[in-house]
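# Chains, contacts and geometry: an overview
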Amino acid sequence: MKNIEITTREFFDVLYPDLNGHFLEIRRLPGAVQNFCRSIDEAVRISSADRNRNVYFGVALRSAQIGNEEHAALIPALWADMDVVKDYGGDWKKARAVL
């Protein structure tokens, strides 16, 4: 598998060429603060604010500043969430085989 390096802006621009008036949810982890961004510029700024934290983003754009299923307005991609440590004992080779 080849690694591809892209910037945060390039990543968001590919997934969300137009937010269409919706919100993009960003969370920096650990922590529980939800940020609902109105622009890619805002999402990039928040995502890049602290390089020592993980970034979660809600794949579904939101119709309101609420991160639940009801307010998922647009889903531009299919995604999967794997816990390599919990489900595969930290074995990336086994986890990749599932994909």
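Our structure's up above, just so we're on the same page.
This is a predicted model, so every value here is computed, not measured.

## Some thoughts on the packing of aromatic side chains
Taken as a whole and judged by the stated rule, the model has 4 aromatic pairs. Judged by centre distance (5.3 Å) and plane angle (85 degrees), the ring pair of Phe11 and Phe57 falls under edge-to-face. On the criterion of sequence distance, the pair formed by Phe11 in helix α1 (residues 8-15) and Phe57 in strand β3 (residues 54-57) is long-range, its members being 46 residues apart. Its relative accessible area of 34% is what places Phe11 among the partly exposed residues.

## Structural notes on the side chain of His22
Relative to the elements of secondary structure, His22 occurs in the loop between α1 and β1 (24-29). Those residues in contact with His22 that sit more than four places away from it in its chain are Cys37, Arg38, Leu61, Arg62, Ser63 and Ala73.

## Let's talk about the packing of α1 against helix α2 (residues 40-47)
It is the contact of α1 with α2, at a shortest axis distance of 10 Å, that shows an interaxial angle of 140 degrees. Here α1 is positioned oblique relative to α2, judged by the angle of their axes. Two packed elements cross with a definite hand, and for α1 against α2 that hand is right-handed. On α2, the residues touching Thr8, Arg9, Phe12 and Asp13 of α1 are Ile40, Asp41, Ala43, Val44 and Ser47. Taken together, the residues of the contact of α1 with α2 sort by class into 4 nonpolar, 2 polar and 3 charged.

How each quantity is defined
- Residues numbered from 1 in each chain as written.
- Predicted model: local features only at pLDDT ≥ 70, side-chain atom pairs only at ≥ 80, totals over all residues.
- Heavy atoms only, no water.
- Phe/Tyr/Trp six-rings, centres within 6.5 Å; stacked < 30°, edge-to-face > 60°.
- Helix = DSSP H or I, 4+ residues; strand = E, 2+ residues; numbered from the N terminus.
- Buried < 20%, exposed > 50% of the residue type's maximum accessible area, 1.4 Å probe, protein only.
- Contact = heavy atoms within 4.5 Å.
- Axes fitted to C-alpha atoms, helices over the stretch in contact; angles between N-to-C directions.
- Parallel < 35°, antiparallel > 145°, perpendicular 65-115°, else oblique.
- Left-handed = near helix turned anticlockwise from the far one by under 90°.
- Nonpolar A, V, L, I, M, F, W, Y, C, P; charged D, E, K, R; others polar.

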